[in-house]
Amino acid sequence: MAETLGPRSTPADEAREAVVAAALGKLDLDAKSRLLSGQDMWSLPALPEIGLDSLVMSDGPIGVRGVRWTADDPSVALPSPTALAATWDPALARRAGVLLAQEARRKGVHVLLAPTVNLHRSPLGGRHFEAYSEDPYLTGRIGSGYVSGVQEGGVGTTVKHFVANDAETDRFTVNNLVGERALRELYLAPFELIVEHARPWGVMTAYNTVNGTTMTEHRRLVNEVLRGEWGFDGFNVSDWMAARSTAGAVEGGLDVAMPGPRTVYGEALARAVRDGEVEEATVDEAVRNVLRLAARVGILEGAEPAVTELPDSVDGVALAREIARRAFVLVRNERDALPLKPGKVALIGAAARDARVLGGGSATVFPARTVSPLDGLTAALPEGTLSYALGADPTTELAVADKGFVLRAVCRDAEGNVIGTGSAPNGHLQWMGSDLPAGVTHEALHTVELTGTFTPRTTGPHTFGIKGIGAFTLTVDGTTYFDDVQRPAKDDPFVTFFGAPEPRARAALTAGQPVDVSLTHVVDLPDDLSIKVVTFSLAHQEPQRDPDELIAEAVAAARDADTAVVVVATTDRVESEGFDRTDLTLPGRQDDLVRAVAAANPNTVVVVNSGSPVELPWRADVAAVLLSWFPGQEGGAALADVLTGAHEPGGRLPTTWGSLAAAPVTRVVPENGELRYDEGVFIGYSAWEKEGRAPSYPFGHGLGYTDWTYEAVETRGTSVRVRLRNDGARAGREVVQVYLAPVDRDPGRPARRLAGFATVEAGPGERVEVTVELPRRAFEIWDEASNAWSFVKGSYEIQVGRSIADRRVTATTNV
Ligand code: BGC
């Protein structure tokens, strides 16, 4: 496998281990307990007495945000994880990892809080966009490539969230009831594969409970399975605020409790040892894991880092664009609607102009620039051939004040004296821990004012709003609209991150005429907070146009063009961390818009800009459908590459797309605190097949711009050799997919499973051969009676093709 690292323990590993042991021996109980507890939102304390620097962690997975949550600390934003998985290319994931390590180093980050390898169990899962696939093998292979790449750059990873964090509803408390077979064959499988092939330096344990034990205390799954059976030697960090008890966590194999400074470790851990509740040897093991990580990333004096020669530097902008076009999945292309023929193009949709490049929550990063579809096509098409119409605006609520706003943050003390000012690239302010403007301390800080100007791009009534908890004063153009207190509607510690802004002011403004805006917040943080976070947003919404009028304008533009390209999208109120979806429909009037445009122009191409499946009820009425996922900062440029035919779309579905009504496994809402994974090993395509239902687009599906004939397959043991020919008129890339179907199948086993895949390239008329090795695990099931893997002997059909539903050549093997 391209993503596999070298041998398990090298002489350098052993030398590092000796330095770690010596450093550990020099620490007293208090220092050890302190090291296991975050000192702030993102880092561990330095211990100068052993030459240990502070270890810094940061999210992950599409970029490296760094320790500040602000647009003035930008990072390269790659396409969403669903997009990376859609490339079916672990080597490309590895290159993404190398870039992310480079970004991490640039920002002084030692450990990336990624990748997310939970599974697409239900399409409603709120963080679906942040995970790779419904298939554990594809997830594990992409994750292995990613981890190998990051670590090749000398930066650690935390494979997350261990385990079964496949939905967001009540995520802190939900008790997921998962049978051992499903755990082993599905949910643990990507973690296991990554541990085996990429030797990650970290994992993050999830918020949720599995079968009655919260994951930060799950001794069996962490100490026995992850460390014992699989030989994981990295560190185990809690998800943020997930650690609940001192003895339970440390005995359950949790090494580090984040964030700090107040955690269940630190002083509490030292006390638990002194009180005889916890053995010091248990603390030592956790410290050893942290020191080993520190040694690997090069912040423990005397230890040689795991990587001494850094990989060549990567051009992040070029890589973001390459991954995006390799990820786009062309699911329909009637009459060769794509690539575009010369002629007039009507580009339609809110997300065509205001690109939606990434999903919400902790995966958020702030790219230095974003290329929208409108930017990308304007640059790529001949002048005068492109028109633009909004068509439908799916954002039903206010968004962080951004375009047209010029803001700064002014900090004052209780007497109203200015004690410091901070930059505010947009209306979202988030200062965590000691990350405050120069000269400002939490003790002195009384109010923060976001102040500046707003220059509207449209005339009409603009809405302004506030996201955050506490006292606020909002003034627009000299009028104070709100001077009161906002209270949270929900008892969730992350409500200020994920909640909706409240509309508080409506002002009639004129396009191009700047007005003054000011939002003042009284900072009133309780003393007992584990970490002090000043966070609130000034939000804004453009004047709302009549929806029918907008559609009529788009229809007129489509009529006047040779091709209509409609970009439909979800919003960050639909896809984000912190909540699950309740349906799969496109928000607002977007379905009506597509239907109306398709009726006006038979050459309608729809670009679906979402991180996870949405329903496309009009899909048979349009010429082409291209899924662009959240395409990252260069998404619009990549879209132009693919629409014009400069490159073919390279993606294949990493997850089944179908309607919610037909989807076999959908439940994300617990009942009495429990979420039962009753479907066992039947999720994703296995469940669709079991139910005998055909989805809109099957797992593995995706078209390119050339045709392929699968000529032959030969097997020798577990080696599968496939010959295929590019039958089209241009060079292309194909993802060869190998499915393994037991011939005499016990009904408890899925009809077939993805067992291998490879990408090939060939010029027009060229033949190409590829060998895919099937892992032993593909022939095994978890036997609950003996509590062990069991190799199932017998006859298997090896089915090779373009998707789970489009199998072109088959062979039989007996094992
Ligand atoms: C998320 C993690 C993330 C952490 C730090 C949590 O809410 O679940 O994935 O790494 O926050 O931002």
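Asker: Hey, could you run me through the environment of alanine 318 in this one?
Answerer: Note on placement: alanine 318 falls in helix H12 (residues 316-327). Classification of alanine 318 as partly exposed rests on a relative accessible area of 41%. Along the primary structure alanine 318 and alanine 662 are separated by 344 residues, whereas in three dimensions their C-alpha atoms are 39 Å apart.

Asker: Whenever I open this one, the packing of aromatic side chains confuses me. Can you help?
Answerer: In total, this model carries 19 aromatic pairs according to the counting rule given. Measuring from centroid to centroid gives 5.4 Å for tryptophan 88 and phenylalanine 699, while their planes differ by 50°, and the two rings are tilted. On the criterion of sequence distance, the pair formed by tryptophan 88 in the loop between helix H3 (81-86) and helix H4 (90-106) and phenylalanine 699 in the loop between helix H19 (684-691) and strand S28 (708-716) is long-range, its members being 611 residues apart. Here tryptophan 88 and phenylalanine 699 have matching classes, each one buried. Ring centres of tyrosine 137 and phenylalanine 757 lie 6.0 Å apart, and the angle between their planes is 75°; this geometry places the pair in the edge-to-face category. A residue pair is termed long-range when its members are at least 10 positions apart, and tyrosine 137 in helix H5 (residues 136-152) and phenylalanine 757 in strand S31 (residues 753-762) qualify at 620 residues. The pair formed by tyrosine 137 and phenylalanine 757 is uniform in burial state, with each residue classed as buried. Clustering of aromatic rings is evident, with ring pairs tying together Trp88, Tyr137, Tyr685, Phe699, Tyr739 and Phe757. The ring of phenylalanine 757 carries arginine 141 above its face, with NZ or CZ at 4.9 Å from the centroid. Above the plane of the ring of phenylalanine 682 lies lysine 690, whose end atom (NZ or CZ) is 4.5 Å from the centre.

Asker: What should I look at first to understand the pattern of salt bridges in this one?
Answerer: Between side chains of opposite charge, pairing is possible as soon as their charged atoms come close. Under the counting rule described, the total for this entry stands at 58 salt bridges. Of the charged contacts in the structure, one is a salt bridge between arginine 589 and aspartate 592, with a shortest N-O distance of 2.6 Å. For aspartate 592, a relative accessible area of 34% translates into the label partly exposed. Ionic contacts of the salt-bridge type, sharing partners, join the residues Arg127, Glu130, Glu168, Arg171 and Glu577 into one network.

Thresholds, definitions, all that
- Residues numbered from 1 in each chain as written.
- Predicted model: local features only at pLDDT ≥ 70, side-chain atom pairs only at ≥ 80, totals over all residues.
- Heavy atoms only, no water.
- Helix = DSSP H or I, 4+ residues; strand = E, 2+ residues; numbered from the N terminus.
- Buried < 20%, exposed > 50% of the residue type's maximum accessible area, 1.4 Å probe, protein only.
- Phe/Tyr/Trp six-rings, centres within 6.5 Å; stacked < 30°, edge-to-face > 60°.
- Lys NZ or Arg CZ within 6 Å of the ring centre and 35° of its normal.
- Salt bridge = Lys/Arg side-chain N within 4 Å of Asp/Glu carboxyl O.

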